[in-house]
Each structure stands twice: as structure tokens, then as C-alpha cells.
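Structural features, examined
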Amino acid sequence: MVFDGHSDLLFDVTRRRLAGETRVLERCHLDRLRRGSVEGMVLSVWAEPADGRSYLERTEQIFSCARAEFAETPWLKTVRTAAEAEAAKREGKLYAFIGVEGMAAVGRDLSVIDRYADFGARMGMLTWNEENTLATGAKGDPQKGLTDLGKQAVRRMEALNMTVDVSHLNDGGFWDVMRLTHVPVIASHSNCRALCDVRRNLTDEQLRAVRDTGGLVGVNVYHAFVHAEPEKQTVEMLARHACHMAEVMGVEHVACGFDFCEYFGPGEDSAKGIDDCSKTAAFFEWLEKLGMEERERRMIARENLLRLLT
Ligand SMILES: [Zn+2]
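In what follows, the accompanying structure is described. (Residues numbered from 1 in each chain as written. Predicted model: local features only at pLDDT ≥ 70, side-chain atom pairs only at ≥ 80, totals over all residues. Heavy atoms only, no water.)

1. Describing the nonpolar core
Note the threshold: Definition of nonpolar core: a set of buried residues of the types Ala, Val, Leu, Ile, Met, Phe, Trp, Tyr and Cys, connected through side-chain atoms within 4.5 Å. Whether a residue is buried, partly exposed or exposed follows from its accessible area with a 1.4 Å probe, protein chains only, as a fraction of its type maximum: under 20%, in between, or over 50%, in that order. Each helix corresponds to a stretch of at least 4 residues labelled H or I by DSSP, and each strand to a stretch of at least 2 residues labelled E; elements are numbered beginning at the N terminus. Whether two residues are in contact is decided by their heavy atoms: any pair within 4.5 Å suffices.
If you look at the biggest cluster of nonpolar residues, it comprises 88 residues, and the most contacted ones within it are Met 103, Tyr 116, Phe 258 and Phe 283. Of all the elements, helix 9 (residues 235–249) adds the most residues to this core, at 10 residues. Once residues lying within four places of it in the same chain are set aside, the contact partners of Phe 283 are Val 219, Val 235, Leu 238, Ala 239, Ala 242, Cys 256, Phe 258, Ile 274 and Ile 300. Judged by nonpolar contacts, the second largest core, of 16 residues, contains Val 42, Ala 88, Ile 186 and Leu 305.

2. Some words on helix 3 (residues 55–71)
Where we set the bar: Given the number of residues in a helix, its expected span is that number minus one, multiplied by 1.5 Å.
Between its terminal C-alpha atoms helix 3 stretches 24 Å, which fits the 24 Å expected from 17 residues at 1.5 Å a residue. Restricting attention to buried positions, one finds in helix 3 the residues Arg 58, Thr 59, Gln 61, Ile 62, Phe 63, Cys 65, Ala 66, Glu 69 and Phe 70. Those residues of helix 3 that are buried are in contact with helix 1 (9–18), helix 2 (24–35), strand 2 (38–45), strand 3 (76–78), strand 4 (94–101) and helix 5 (111–119).

3. Notes on the side chain of Glu 130
Using the following cut-off: Polar contact is defined as a pair of N or O atoms within 3.5 Å, subject to the rule that within protein one atom must be able to donate a hydrogen and the other to accept it, and that residues adjacent in sequence are counted only when both atoms are side-chain atoms.
Tracing the backbone shows Glu 130 in the loop between strand 5 (121–125) and helix 6 (148–159). Reaching out from Glu 130, the side chain makes a polar contact with the backbone nitrogen of Trp 128 at a distance of 3.0 Å. Ignoring any residue separated from it by four or fewer positions in sequence, one finds Glu 130 in contact with Ala 104, Ala 135, Thr 136 and Gly 137.

4. Points about the pairing of strand 8 (residues 216–219)
So the rule is basically this: By this definition, two strands are paired if DSSP reports at least two bridges between them. A right-handed crossover is one whose linking path, passing over the helix from the first strand to the second, runs clockwise when the strands point away from the viewer.
A two-sided burial pattern is seen for strand 8, the buried positions comprising Leu 216 and Gly 218 on one face and Val 217 and Val 219 on the other. Pairing between strand 7 (residues 186–187) and strand 8: two bridges, direction parallel. Residue Ile 186 lies in a different strand from strand 8, and its bridge partner there is Leu 216. Each parallel crossover has a hand, and for strand 7 linked through helix 8 (residues 204–212) to strand 8 it is right-handed.

5. Examining unusual backbone geometry
At Ser 37, a residue that is not glycine, the phi angle is positive and equals roughly 55 degrees. Structurally, Ser 37 is set in the loop between helix 2 and strand 2. Despite not being glycine, Asp 51 has its phi angle at roughly 55 degrees, a positive value. Its location among the elements puts Asp 51 in the loop between strand 2 and helix 3.

6. Focus on the environment of Gly 291
Tracing the chain through its elements places Gly 291 in the loop between helix 10 (280–289) and helix 11 (294–308). Here Gly 291 falls in the exposed class, since its relative accessible area comes to 55%. Counting along the chain gives 159 residues from Gly 291 to Asn 132, while the straight-line C-alpha distance between them is 43 Å.

7. Topic: the packing of aromatic side chains
Heads up, the rule is: Within 6.5 Å between ring centres, the rings of Phe, Tyr and Trp (the latter by its six-membered ring) count as paired, and their orientation is classed by plane angle as stacked under 30 degrees, edge-to-face over 60, tilted in between. Both a distance and an angle decide whether a charge sits over a ring: NZ of Lys or CZ of Arg must be within 6 Å of the ring centre and within 35 degrees of the ring normal.
Scanning the model with the defined rule gives 15 aromatic pairs in all. A centroid spacing of 4.8 Å and a plane angle of 65 degrees characterise the contact between Tyr 222 and Phe 225, whose relative ring orientation is edge-to-face. Given a relative accessible area of 14%, Phe 225 falls into the buried group. What links up through ring pairs into an aromatic cluster is the set Phe 11, Trp 46, Trp 128, Tyr 263 and Phe 264. Over the aromatic face of Trp 286 sits the side chain of Lys 289, whose NZ or CZ is 4.2 Å from the ring centroid.

8. Remarks on the packing of helix 9 against helix 10
What counts here: Note on geometry: axes are C-alpha line fits, over the in-contact stretch for helices, and angles between N-to-C directions span 0 to 180 degrees. An angle counts as roughly parallel when it lies under 35 degrees, as roughly antiparallel when it exceeds 145, as roughly perpendicular when it falls between 65 and 115, and as oblique in every other case. Here a crossing is called left-handed whenever its near helix is offset anticlockwise from the far helix by less than a right angle, and right-handed whenever the offset is clockwise. All residues other than Ala, Val, Leu, Ile, Met, Phe, Trp, Tyr, Cys, Pro, Asp, Glu, Lys and Arg, Gly among them, are scored as polar; the first ten of these are nonpolar and the last four charged.
In contact at an axis separation of 9 Å, helix 9 and helix 10 are set at 60 degrees when each is read in the N-to-C sense. Classified by the angle between their axes, helix 9 and helix 10 sit oblique to one another. Crossing of helix 9 over helix 10 shows right-handed handedness. Seen from helix 9, the contacting residues are Val 235, Glu 236, Leu 238, Ala 239, Ala 242 and Cys 243; seen from helix 10, they are Ala 282, Phe 283, Trp 286 and Leu 287. Here the contact of helix 9 with helix 10 is composed, by residue class, of nine nonpolar, no polar and one charged.

9. Considering the sheet that holds strand 9 (residues 254–256)
In sheet architecture, strand pairing relies on hydrogen bonds along the backbone and comes in two forms, parallel and antiparallel. Taken in spatial order, the three strands of this open sheet run 7-8-9, and their pairing is parallel. The sheet terminates laterally at strand 7 and strand 9, the two strands that pair on one side only. Sheet strands in contact with helix 9 are strand 8 and strand 9, and its direction is about 170 degrees off that of strand 8.

10. Notes on the state of the cysteines
Just so we agree on the cut-off: Two cysteine sulfurs form a disulfide in these notes if their separation is within 2.5 Å.
Summed over all chains, the structure comprises zero disulfides. Here Cys 243 is not cross-linked by a disulfide; its sulfur's nearest cysteine counterpart is in Cys 192, at 9.9 Å. The class for Cys 243 is buried, based on a relative accessible area of 16%. Of the cysteine sulfurs around Cys 261, a residue in no disulfide, the closest is that of Cys 277, at 12 Å. In this structure Cys 261 comes out as buried when scored by relative accessible area, which is 6%.

11. Brief notes about the side chain of Asn 304
Within the element layout of this structure, Asn 304 appears in helix 11. A residue is classified by how much of its surface remains accessible, and Asn 304, at 0% relative accessible area, is buried. One polar contact links the side chain of Asn 304 to the main-chain carbonyl oxygen of Glu 252, over a distance of 3.4 Å. Residues in contact with Asn 304, not counting those within four places in the same chain, are Leu 216, Val 251, Glu 252, His 253, Val 254 and Met 299.

Limitation: the analysis is restricted to geometry and does not speak to function.
Following this line, the structure appears as C-alpha cells:
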């Protein structure tokens, strides 16, 4: 069974519900989730200004669409702890943690972070790829650190038991988080720069820094983060990222943050052989071929991430 540490399904839920659809997860996604043995996910709240709305208005739109959707999905339980997740699983339900992907909606008002927590968020990224009032994303100046407000945001997240997620953060912000925090940090959906040198991936030094917090890193299927050469953008190479992480950090710090995004449209392709969440088995088959034992594969599939979210 697989616990996927990064899913954008709430984007699809919001888009479709605003177009008048209902029971989106059940009609459009449940079958693939089941075929992929997905037992749980971290559903991310990713807000971008749309239809002239502000980041905050867009965030509230996602919250209300998600709440309406959850009310129609008795087979899915939103949870905040591993114990709640295990209980949901025993009841035969899928479980969903909530994550925040980019906090541009905060602006100058840190109390927005409390609203994320009220919605159920257990982890959050200060930025998506943009520069905002808190931090700079992977597409911005790599040197810029967190702003003073960004540093206060990290403290507020810690007080609310929200794990800081450093995926999408630039290098300067990454190292500021490492200096500031005393609790485990997650990079929910980032690969290794040693195998694919892009800013969204982590250097070996960064992997070790995440390990030293007691945190973990989730592998990401997005083709451009798997390898620079199109013919090597494969599920085998994705498994090689996981093996490299295990070598550098130890297998207990490796997880899944697949970030499947086939429903975003053309160009948003996954690595070959793992096109969507129904194909997760291919990743674990490659881990086995590359020498990972069953116990290690189980740790990567679900146990490591659940341990972080106790
Ligand atoms: Zn992302």
C-alpha cells in the first residue's frame, strides 16, 4: 500500500466543482487510486490568483470546494495524525492529510497560517515557485533568504504542529529554514540534483541537512525533475533517485511525493512507465530490481511518512 506525500487532486476538485460537477474524486480518480494501491495522500492547497481573485480569495474558494467534496466522499477521511490515518485504514477508508503549497495568501497577515491549520493543514510550503512576502521560490534568486516575516511564519507553523515543507523553496530559503528549525523538515516532492540538476531538486548536502532534522524527502514523478535527457525520464530513473537518497540519507528518510499531474493537461507528463497513480507498482518493482528489500520498500511506500506525521 502507498501513502502519496504530494497530490494536487484538490486542484482538479476545485476546477470541476466550480464548473458544476460533484463527487469528483469518486467519479474521476478513485478507480486509479485503488489500482495504484494508494491508501492515503497529502492533498495540497495550491492557490494561484484566478478570475481576478486574490490569493486569499482563491484559497477560500479551494477550502469551500474541498469541504463540499469531502462531505460527498464517505470513503475518504481527512486526518491530522498517523494514528487517525491508521484508524481510517482499519475502517476501510482512504485517508487524506492536508498540505499547503505556497503561502502567498498570507501577505502581511500571519493569522492566515492559523486558518490553514483550522482547515486541517499538517504541513506547508512558504512559497510555490514565486517570490512572496515570506520567501523566494525555486524560480527566483537562489541567494535570497527568508524575510523576517517568513522566519516568523516558520515559528508559527512549528507552534501549530505544521511541518515545514522545503520543496519549491530556493537554496537561500532552504538554508535559513535549516538554521531556524529544531523539528523534522520535509521536502515532500523533490528529487536529487546529483541525477538531475534542476533547482527543484536537492543537492546531497541538502539531503543530509534534511536527514539531520529527522525529516524526509519524497520522490517526484515529474519528467523534468527525473532526468535532463528525455529518453532517461523513466520510472527506472525515478527508482534510482530513491536509491541515491537512501545511500546519502539512509532509507528511513525516503518517501513518496509523486505529484501526479496528468489532469493538468499536455506537457505535464510523468516519467515513462508511471503515468498516473494507478502505476505506482512499477516504481516499487524497480526498487526491487535495484536491490531494495521488501522491508525497505515498505518504509518508502508508507511507513517513513506516517512516522513523521505521528
Ligand atoms: Zn509542487
